[in-house]
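# Close look at the chain arrangement
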Amino acid sequence: MCGPMKRILVIIPAYNEEASIIQTVTRLAAYTQYDYLVVNDGSTDRTEELLRSHGIRHVRLPVNLGIGGAVQTGYQYAARHGYDYAVQLDADGQHDPKDLDKLVKTIEESGADMVIGSRFVEESGYRGSAARRLGIYYFSALIRLLTGLVITDPTSGYRIVGRRAMERFAYRYPGDYPEVEVLVDMARCGYRVQEVSVRMSPRQGGSSSITPFRSVYYMMKVTVFSLLRKVV
Amino acid sequence: MDRIQMLSVMLALLFFILVFGFIKRQRFRERQAFLWIMLAGAGVLTAAAIPVLNRAAEKVGIAYMPTLIFVLAFFAVLTLLMLHSATLSREQERLKLVVQELAVLRQEVEDMRELIGGQEAGKPLTGGAGLRKPAHDPARIHTLREAGRSTE
């Protein structure tokens, strides 16, 4: 490796992830040397117990703040402890830690403010439901319309940010379904966003938070707030 | 002053007294108290000014004067609701920040405990096993420096 080692924090938000959290962290530790921090978002299952018994570095939020609040805690931690980069990694095992180096390398070489791990930059074998792919296509079009940015996988939570974006997120981050809204906000502030191809596997355990009713709320909330972010 | 107007004024005054009682018992914080005092005061004024309102309604083309009062009251209540929503949002945001800060600080405290000798959570930091070593113990100072570096 050339140049000084950059300090990288992997943020793993976990809400009731007893089925997969240990496996996710073990896999991460096996493939990388990066620091990580699990943010236990007020889980009511055995997540906390498992984290403790396995001696996994984590913070426990006393109440459930939702995905946005949990991830933001990680960004605050990273900003406060002087990390150069912060990566978001899902606790359910969908994100492959083998792709981490790729994300780090891309952000270091491009100097972008954020690099998103995308399932669609090249054929990655991703098979989601038709509804999900339609949703992703819709958000992709929305972002393109609002910002001119071409993002193939705007709902991907597998993303790395540099110091500038980290500090902004530490202070301002949406509460629920933050991925798309954040991109519009970043584009408005003139931040640079890039994508790099990653593989995603089906979740290891737990259940997806997206139900038919919620997906309608999701689409509407994200659309309205993306429009708002465009102006405020 | 006819009977209905007297009744209105009395009801409005009653409400004013109720608000005053709440403030006296410190049920509201200053901003909220001020808001309610203003609203109660407006109620009393409205009740007292019924003849004026009658003329005003006629001028703006409202045939049935109480409608004017309803319209005004509706906007007053709507504004109040919006102010409450704004307050609630602000408090939620503050609470979120407090929760996040608390979680990170607790982790840092636990790291420190571990560092000064594997003290268990819930026990006071002073006088425990970790502090038995004198402060000038070079090994301990070294570990503390290391810690300072990794938590900075």
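Residues numbered from 1 in each chain as written. Chains lettered and ligands numbered in written order. Predicted model: local features only at pLDDT ≥ 70, side-chain atom pairs only at ≥ 80, totals over all residues. Heavy atoms only, no water.

## Some points on the overall build of chain B
A count of helices and strands for chain B gives 5 helices and 0 strands. Tracing chain B from N to C terminus, the helices and strands come up as α-α-α-α-α. Out of the 152 residues in chain B, the part that is buried amounts to 21%. Partitioning the contacts of chain B with sequence separation of at least 6, the portion at a separation of at least 24 is 42%. (Helix = DSSP H or I, 4+ residues; strand = E, 2+ residues; numbered from the N terminus. Buried < 20%, exposed > 50% of the residue type's maximum accessible area, 1.4 Å probe, protein only. Contact = heavy atoms within 4.5 Å.)

## Quick word on the side chain of Asp153 of chain A
Residue and element names in this part refer to chain A. Secondary-structure assignment places Asp153 in the loop between helix H5 (130-147) and strand S6 (159-161). Residue classification places Asp153 among the buried residues on the basis of a relative accessible area of 0%. When near neighbours in sequence (up to four residues on either side) are disregarded, Asp153 contacts Ile116, Gly117, Ser118, Arg119, Phe120, Ile136, Glu195 and Met200.

## Some details on the pattern of salt bridges
Tallied over the entire structure, the rule returns 17 salt bridges over all chains. Among the ionic pairs, Arg80 of chain A bridges to Glu108 of chain B, the shortest N-O distance being 3.3 Å. Taken together, the residues span two chains, with Arg80 of chain A in helix H3 (residues 66-80) and Glu108 of chain B in helix H4 (residues 66-115). For Arg80 of chain A, a relative accessible area of 36% puts it in the partly exposed group. Accessibility expressed as a relative area gives 16% for Glu108 of chain B, which makes it buried. Glu91 of chain B serves as the salt-bridge partner of Arg90 of chain B, at 3.1 Å between the closest nitrogen and oxygen. Exposure remark for Arg90 of chain B: the relative accessible area of 36% places this residue in the partly exposed category. (Salt bridge = Lys/Arg side-chain N within 4 Å of Asp/Glu carboxyl O.)

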